[in-house]
Amino acid sequence: MILPNGGHFGRRLLTVSWSFFMAAPALLQAGLNDITQAPNNESAGIQKSLLEQIGMNRGDIYTRHSSLYVINRDPFRSIRRGRQLFQRKFRFAEGLGPRTNDGVGDLNTEASLGAGLTDSCAACHGRPRGAAGFGGDVFTRPDGRDAPHLFGLGLVEMLADEITRDLRQQRDSAKQRALKEGGSVRRSLESKGVKFGELIAHADGRIDTAGLRGVDADLRVRPFFAEGSTLSIREFVVGAFNAEMGLESPDPDLASASQGADVLTPAGMLLSGSVDRIEAPPVHDAAQDSDGDGVYNEVPVSLVDHMEFYLLNYFPPATYKQGLQESRGKRLMDRIGCTGCHIPDLQIERDRRVANVETSYDPARGIFNSLFATATPLFQETDDGLGYPSLKSAGGKPFLVRGIYADFKRHDLGKAFWERNFDGTVQKQFMTEPLWGVGSTAPYGHDGRSINLHEVIVRHGGEAQAAKRAYLRLRPGSQQAIRSFLRSLVLFPPDDTASNLNPGDASTVGFPQYGHGSIRLPVLFNDPTDLE
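Let me begin by describing the structure that accompanies this report. The structure presented is a predicted model; accordingly, all values stated were derived computationally and were not measured.

## A few points about helix H12 (residues 476–487)
Along its 12 residues, H12 runs 16 Å from first to last C-alpha, staying within 8% of the 16 Å computed at 1.5 Å per residue. Within H12, the full set of buried residues consists of Ser 478, Gln 479, Ala 481, Ile 482, Arg 483, Ser 484, Phe 485 and Leu 486. Close packing links the buried residues of H12 with helix H9 (324–336), helix H10 (453–458), helix H11 (465–473) and strand S21 (489–490).

Structure, rendered in structure tokens:
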């Protein structure tokens, strides 16, 4: 058993044979085939067919092979299944394509016409290899949009949701006070140390939001996409399947929430349709075929469940070697004002994940890429006495998110960052991009137009003008120290990074193609012999 309180993942390793630690050899391009369709001597690729991944669809916690059963009783299998779905190269027979309206239409009103068509999520988010990383560029704006990495995505969703809750509670408190006292109440809004301006609540119930900063009048923080337009992982997943892959999901959660219902997803995200604008799925019924390719229910709800759960639990970026130069750069960032927006650490009050993975520079144990990952359980285990595997649910405890470097606000960074839309309008405000992973993700900017770290720093203006000028006043060595620190914030390939789940062995025959170590989730499955 895995001990949820004070337990250690390593104990289970003693009972698992070395064969389960073998990672698949590197592929030449993003995405994976499944071996039921494309067998090979190495058995490299996804181990289950798409029908096996769908299982018994959503079901319930008593229906074996359903998404609710797997998420609640075998959560690490669900995470791995979501990862394999993210990497899966979908086929036309499975509903892949066409593009939105086959690429024909008015880009002024439908930007997804420029998104193109790809066969896997990893085709846009595939670097480093096997990761939910970065790499794609799409023509959804005249100057393009870069596909950002998705490391730590669940932490981003949770922070944004908690900030939203805090701001709305402060607004509601001011409104109640104004009604009680019969006068206007001015209230400054702040969450997790981040200031969002102020509002004025009037005795007649009106709310003056002119003083808000970096957030919409509804106080909903939408952390996804550069302009801050999407609030949940689930909307992001369903939207990307449709816009970039032509795969339609009649997701019942988004369908209900978009019609005004409040829906709690299997990953624990409350979609407050009664309050928030929730993006509708491309189809509302499994019998619909709106793209006319003859395939129905292309992404069943169980697949969306596993993808959402995977990205909720996806690992934060890593920290590479940090010496005196990097430590000096970190201090200088604070001194010149960068951390006014790029706040290093933010606290989550209720963590919905089942585990955390911390990855850092450790050349002794990081036998392949000098990084070593430590997985720590965050779940609680309950036996419901019905003969099923135990229920494993998120512990829901506070968690300090270290090294994210973000403030979850929109800012105007001046003309150099402004963005043209196809209809001729200009987007001037963008969410603060978290800096974790920035050392791996050149070129930079939401549009990928800045070729290196120096160029993207000096591109800042507007609200960041003072910090940019302070950077330019530094001596070249001090500027280099800042860039050295930023380069130490890296992404990593989970299947090629040694961990306490699979430390690897450099004496293995064929190293490093074999035995290099990995974040090997199958050792945590209820049945580690049943691979995903």
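## Concerning helix H6 (residues 233–245)
Here H6 spans 17 Å end to end across 13 residues, near enough to the 18 Å set by a 1.5 Å rise per residue. Residues of H6 that are buried: Ile 233, Arg 234, Glu 235, Phe 236, Val 237, Val 238, Phe 241, Ala 243, Glu 244 and Met 245. Count one or two residues on from H6 and you reach Gly 246, which has phi positive near 65 degrees.

## A few points about the packing of H6 against helix H8 (residues 301–312)
One can describe the packing of H6 onto H8 by two numbers: an axis separation of 9 Å at closest approach and a directional angle of 125 degrees. In terms of orientation, H6 lies oblique with respect to H8. Crossing geometry of H6 relative to H8 is assigned as right-handed. On H8, the residues touching Ile 233, Arg 234, Val 237, Val 238 and Phe 241 of H6 are Val 301, Val 304, Asp 305, Met 307, Glu 308, Leu 311 and Leu 312.

## What about the sheet that holds strand S7 (residues 207–208)?
Strand order in the open sheet formed by 3 strands is S5-S6-S7, with antiparallel pairing between adjacent strands. Of all strands in the sheet, those bounded by a partner on one side alone are strand S5 (185–191) and S7. In terms of strand pairing, strand S6 (residues 194–201) meets S7 through 2 bridges, oriented antiparallel. Looking at S7, one finds that Ala 201 is bridged to Ile 207. Where helix H5 (residues 153–181) meets the sheet, its contacts fall on S5, S6 and S7, and the angle it forms with S5 comes to roughly 165 degrees.

## Overview of the pattern of salt bridges
Using the criterion set out here, one finds 42 salt bridges in the structure. A salt bridge links Asp 495 to Arg 80; its shortest N-O distance comes to 3.3 Å. Taken together, the positions of Asp 495 in the loop between S21 and strand S22 (498–499) and Arg 80 in helix H4 (residues 75–87) put the pair 415 residues apart, joining distant regions of the chain. For Arg 80, a relative accessible area of 11% gives the class buried. With a closest N to O distance of 2.7 Å, Arg 234 and Glu 308 form a salt bridge. In this pair, Arg 234 is assigned in helix H6 and Glu 308 in helix H8, connecting sequence segments 74 residues apart. On the accessibility criterion, Glu 308 (1% relative accessible area) is buried. Connected through shared salt-bridge partners, Lys 48, Asp 74, Arg 77, Arg 81, Asp 530 and Glu 532 make up one network.

## Quick look at the pairing of S5
Bridge count for S5 against S6 is 6 bridges, and the pairing is antiparallel. Counterpart to Arg 187 in the pairing with S6 is Leu 199. Connecting the antiparallel pair S5 and S6 is a turn made up of 2 residues, with Lys 192 showing a positive phi of about 55 degrees.

## Examining the side chain of Arg 77
Structurally, Arg 77 is set in helix H4. A distance of 3.0 Å separates the side chain of Arg 77 from the side chain of Asp 74, its partner in a polar contact. Reaching out from Arg 77, the side chain makes a polar contact with the backbone oxygen of Asp 530 at a distance of 2.8 Å. Each residue touching Arg 77, except ones within four places of it in the same chain, is listed here: Lys 48, Val 70, Phe 525, Asp 527, Asp 530, Leu 531 and Glu 532.

## A short note on the packing of aromatic side chains
Enumeration over the complete set of coordinates arrives at 14 aromatic pairs. Ring centres of Phe 151 and Phe 492 lie 5.3 Å apart, and the angle between their planes is 65 degrees; this geometry places the pair in the edge-to-face category. Within this pair, whereas Phe 151 is found in the loop between strand S4 (145–146) and H5, its partner Phe 492 is found in the loop between S21 and S22, the two being separated by 341 residues in sequence. Of the two residues, Phe 151 and Phe 492, both sit in the buried class.

## Considerations on unusual backbone geometry
Between Arg 127 and Pro 128 the backbone carries a cis peptide bond, its omega angle lying at -5 degrees. Considering the arrangement of structural elements, one finds Pro 128 in the loop between strand S1 (125–127) and strand S2 (134–135). For the bond from Phe 511 to Pro 512, the omega torsion is 5 degrees, close enough to zero to count as cis. Its place among the elements puts Pro 512 in the segment after S22. Even without a glycine there, the phi angle at His 65 is positive, about 70 degrees. With respect to the helices and strands, His 65 occurs in the loop between helix H2 (50–54) and helix H3 (67–73). Note on His 65: relative accessible area 56%, which makes it exposed. Positive phi is not limited to glycine here, since Asn 297 has a value of about 50 degrees. In this structure, Asn 297 sits in the loop between strand S9 (270–272) and H8.

## Digging into the environment of Leu 96
Among the secondary structure elements, Leu 96 is positioned in the loop between H4 and S1. With a relative accessible area of 8%, Leu 96 lands in the buried category. Separated by 148 residues in the primary sequence, Leu 96 and Glu 244 place their C-alpha atoms 9.6 Å from one another. Non-local contacts of Leu 96, meaning those with residues more than four positions away in its chain, are made with Phe 90, Arg 91, Leu 117, Thr 118, Asp 119, Met 245, Gly 246 and Leu 247.

## Examining the state of the cysteines
Within the structure shown, the criterion is met by 0 disulfides. Free cysteine Cys 341: the closest other cysteine sulfur is in Cys 338, separated by 9.3 Å. A relative accessible area of 25% means that Cys 341 is categorised as partly exposed.

## Topic: the nonpolar core
Among the nonpolar cores identified, the biggest contains 89 residues, and Phe 76, Phe 86, Phe 241, Leu 311, Val 401, Ile 404 and Phe 408 are the most heavily contacted of them. Ranked by residue count, the leading element in this core is H5, at 10 residues. Each residue touching Phe 241, except ones within four places of it in the same chain, is listed here: Phe 90, Cys 121, Gly 246, Leu 247, Val 299 and Met 307. Core analysis: the next-biggest nonpolar cluster, separate from the first, contains 21 residues, Leu 332, Ala 464, Ala 481 and Leu 489 among them.

Analysis parameters
Residues numbered from 1 in each chain as written. Predicted model: local features only at pLDDT ≥ 70, side-chain atom pairs only at ≥ 80, totals over all residues. Heavy atoms only, no water. Helix = DSSP H or I, 4+ residues; strand = E, 2+ residues; numbered from the N terminus. Expected span 1.5 Å × (residues − 1). Buried < 20%, exposed > 50% of the residue type's maximum accessible area, 1.4 Å probe, protein only. Contact = heavy atoms within 4.5 Å. Axes fitted to C-alpha atoms, helices over the stretch in contact; angles between N-to-C directions. Parallel < 35°, antiparallel > 145°, perpendicular 65-115°, else oblique. Left-handed = near helix turned anticlockwise from the far one by under 90°. Pairing = 2+ DSSP bridges. Salt bridge = Lys/Arg side-chain N within 4 Å of Asp/Glu carboxyl O. Polar contact = N/O pair within 3.5 Å; in protein donor to acceptor, adjacent residues only side chain to side chain. Phe/Tyr/Trp six-rings, centres within 6.5 Å; stacked < 30°, edge-to-face > 60°. Disulfide = S-S within 2.5 Å. Core = buried A, V, L, I, M, F, W, Y, C linked by side-chain atoms within 4.5 Å.

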